[in-house]
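# Observations on the three-dimensional arrangement
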Amino acid sequence: MTSKPTLHRIKFSDVALGQRFYDPISAEYFVKQSDNMAAMVTGIGDGTVPDEFEADDIVGVDQ
């Protein structure tokens, strides 16, 4: 039996560059690329198409 990781809610601005995080709006995981851009790495995302985020967007990081 596997357990789901616990998500900790933080602001996008607090995510480290290169860190993987969960976006509750799209229900997908992304990797932060810059102060306002990240690329989806699950679902239809292959980590190559950037998407814009606001600094105060609430996202989740695995704990």
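Above this text is the structure in question.
The text that follows walks through the structure, step by step, so that each part is easy to find. On a predicted model such as this, the values are computed, not experimentally measured, just so you know.

### What about the pairing of strand 4 (residues 37-40)?
The pairing of strand 3 (residues 28-32) with strand 4 spans three bridges and is antiparallel. Across the sheet, V31 pairs through a bridge with A39, a residue of strand 4. Following strand 3, the chain reverses through four residues before pairing antiparallel with strand 4. Sheet topology places strand 4 next to strand 5 (residues 50-52); three bridges connect them, and they run antiparallel. Note that in strand 5 the partner of A39 across the bridge is P50.

### Quick notes on a negative patch on the surface
Among the surface-exposed residues, D51, E52, E54 and D56 lie close enough to one another that they form a single negatively charged patch. Tracing the sequence through the fold places E52 in strand 5.

### What to know about the side chain of K32
Along the polypeptide, K32 turns up in strand 3. One buried charge, K32, has no salt-bridge partner; the nearest side chain with opposite charge is D35, at 4.9 Å. Separated by 3.0 Å, the side chain of K32 and the backbone oxygen of F12 make a polar contact. Other than its neighbours up to four places away in sequence, K32 contacts F12, S13, V15, A16, L17, G18, Q19, F21, M37 and A38.

Quick notes on the rules
Residues numbered from 1 in each chain as written. Predicted model: local features only at pLDDT ≥ 70, side-chain atom pairs only at ≥ 80, totals over all residues. Heavy atoms only, no water. Pairing = 2+ DSSP bridges. Helix = DSSP H or I, 4+ residues; strand = E, 2+ residues; numbered from the N terminus. Patch = residues over 30% accessible without salt bridge, like charges linked within 9 Å, V, L, I, M, F, W, Y side chains within 5 Å. Areas by Shrake-Rupley, 256 points an atom, 1.4 Å probe, with all protein chains shown as cover. Salt bridge = Lys/Arg side-chain N within 4 Å of Asp/Glu carboxyl O. Lys, Arg positive; Asp, Glu negative; His and termini not counted. Charge placed at Lys NZ, Arg CZ, Asp CG, Glu CD. Buried < 20%, exposed > 50% of the residue type's maximum accessible area, 1.4 Å probe, protein only. Polar contact = N/O pair within 3.5 Å; in protein donor to acceptor, adjacent residues only side chain to side chain. Contact = heavy atoms within 4.5 Å.

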